Amino acid sequence: MSQSVESFAELLKETQRSAVHLEMRDSYGVTGELEDFDRWTATGEANTDPSADYWSLWVEIVSEAVARGVVMRRARIVSEPVSDYIRFEHTGTAVIVGAGEQVRWLPRRLASNIALPGNDFWLFDGRLARFNIFDGSGRWTDVDFTEDPATVTLCSSAFEAVWERGIPHEKFSV
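The structure displayed is predicted, hence computed values, not measured ones.

Enquirer: If you had to explain the sheet that holds strand β7 (residues 167-168) to someone new, which residues and values would you point to?
Expert: Pairing within the open sheet is mixed, and its 7 strands lie in the order β6-β5-β4-β1-β2-β3-β7. Every interior strand has two partners, whereas the edge strands, β6 (140-146) and β7, have only one. Sheet analysis places strand β5 (residues 128-134) next to β6, joined by 6 bridges and oriented antiparallel. Looking across to β6, one finds that Phe 131 is bridged to Asp 144. Helix α5 (residues 149-165) rests against β1 (18-23), β2 (71-78), β3 (102-107), β4 (120-124), β5, β6 and β7 of the sheet, and its axis sits at about 75 degrees to β2.

Enquirer: Describe in detail the pairing of β3, supporting the description with residues and values.
Expert: Looking along a regular strand, one sees the side chains alternate between the two faces of the sheet. Two strands pair when backbone bridges link them, and β2 and β3 are joined in this way by 6 bridges, in the parallel orientation. Following the sheet pairing, Arg 76 is matched in β3 by Trp 105. Between the parallel pair β2 and β3, the chain is carried across by helix α4 (residues 84-99), and the sense of this crossover is right-handed.

Enquirer: Explain α5 residue by residue, including any values.
Expert: Over its 17 residues, α5 runs 24 Å from end to end, which matches the ideal 24 Å to within 8%, given 1.5 Å per residue. Among the residues of α5, those classed as buried are Val 152, Cys 155, Ala 158, Phe 159, Val 162 and Trp 163. Around the axis of α5, the buried residues are gathered within 135 degrees of arc, so they sit on the same side. Seen from the buried face of α5, the exposed residues on the opposite side, beyond 90 degrees, are Pro 149, Ala 150, Thr 153 and Glu 164.

Enquirer: Lay out the packing of helix α3 (residues 53-67) against α4 in plain terms, naming residues and giving numbers.
Expert: Packing of α3 against α4 leaves a shortest axis separation of 8 Å and a crossing angle of 45 degrees. Put simply, α3 runs oblique to α4. Our pair here, α3 against α4, has a crossing hand that is right-handed. Here Tyr 54, Trp 55, Trp 58, Val 59, Val 62, Ser 63 and Val 66 of α3 come into contact with α4, specifically with Phe 88, Gly 92, Val 95, Ile 96 and Ala 99. The residue makeup of the contact of α3 with α4, split by class, is 10 nonpolar, 2 polar and no charged.

Enquirer: Residue-level account of the environment of Thr 151, with values.
Expert: Note on placement: Thr 151 falls in helix α5. Distance from Thr 151 to Glu 35, taken between C-alpha atoms, is 35 Å for residues 116 residues apart in sequence. Leave out the neighbours within four places in its chain, and Thr 151 touches Phe 131 and Thr 146.

Quick notes on the rules
Residue numbers here run from 1 along each chain, matching the order of that chain's written sequence. Totals for whole chains, interfaces and linings use every residue, but because this is a predicted model, local features are given only for residues with pLDDT of at least 70 and side-chain atom pairs only at 80 or more, for both listing and counting. Hydrogens are left out, water is left out, and the side-chain values use all remaining heavy atoms of the structure. Paired strands are those between which DSSP finds at least two bridges. By the criteria applied, helices consist of DSSP H or I runs no shorter than four residues and strands consist of E runs no shorter than two, each listed in order from the N terminus. Throughout, a residue-residue contact means that at least one pair of heavy atoms, one from each residue, lies within 4.5 Å. Between N-to-C directions, angles cover 0 to 180 degrees, with each direction set by a line fitted to C-alpha atoms, over the stretch in contact for helices. Handedness of a crossover: with both strands directed away from the viewer, a clockwise path from the first strand across the helix to the second marks it as right-handed. In this analysis, the expected span of each helix is defined as 1.5 Å times one less than the number of residues it contains. For every residue, the accessible area (1.4 Å probe, protein chains only) is compared with the maximum for its type, and the residue is labelled buried under 20%, exposed over 50%, or partly exposed between those bounds. By arc we mean the arc of the directions from the helix axis to the C-beta atoms, nothing more. In what follows, roughly perpendicular refers to angles from 65 to 115 degrees, roughly parallel to angles under 35, roughly antiparallel to angles over 145, and oblique to any angle outside these ranges. For any helix crossing, the convention is left-handed if the near helix is rotated counterclockwise from the far helix by under a right angle, and right-handed if that rotation is clockwise. In this classification, the charged set is Asp, Glu, Lys and Arg, the nonpolar set is Ala, Val, Leu, Ile, Met, Phe, Trp, Tyr, Cys and Pro, and all remaining amino acids, among them Gly, are polar.

The following block contains the structure:
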């Protein structure tokens, strides 16, 4: 299964209560972001227009899910000082917050005693985990899915611990 916003949208349409996302990398090399990241690096200008091609489909699927009552939360564990990529990501986070996602940031030094899975993940309705697999350069390579109760419990407890300690987006400065 390829990673695409469209396939993610199908998963989210089946979600009834919650979708939580834990990100743990300090940089990503996701193909769809490279051009915007390069522009931001060169000019300091970020695309924060929710109607732009870069954002519009994501804003649409998140807004629709939130309107149906799905609570969407995203937590990011980050090293400090933050990387250029995290500064870029922080700038664009206003768009996903505007669409209805709640976002918190946790400095990595505060996560040392949290049991974390080895990969970033989405957890849908507390029953299905979708792991995003990246290579050493931060390029997405694959997704893995599981409904294994022990793995789902690990993901849920990790996310909730990070969420509880995390700093709300509007209070986290980079």
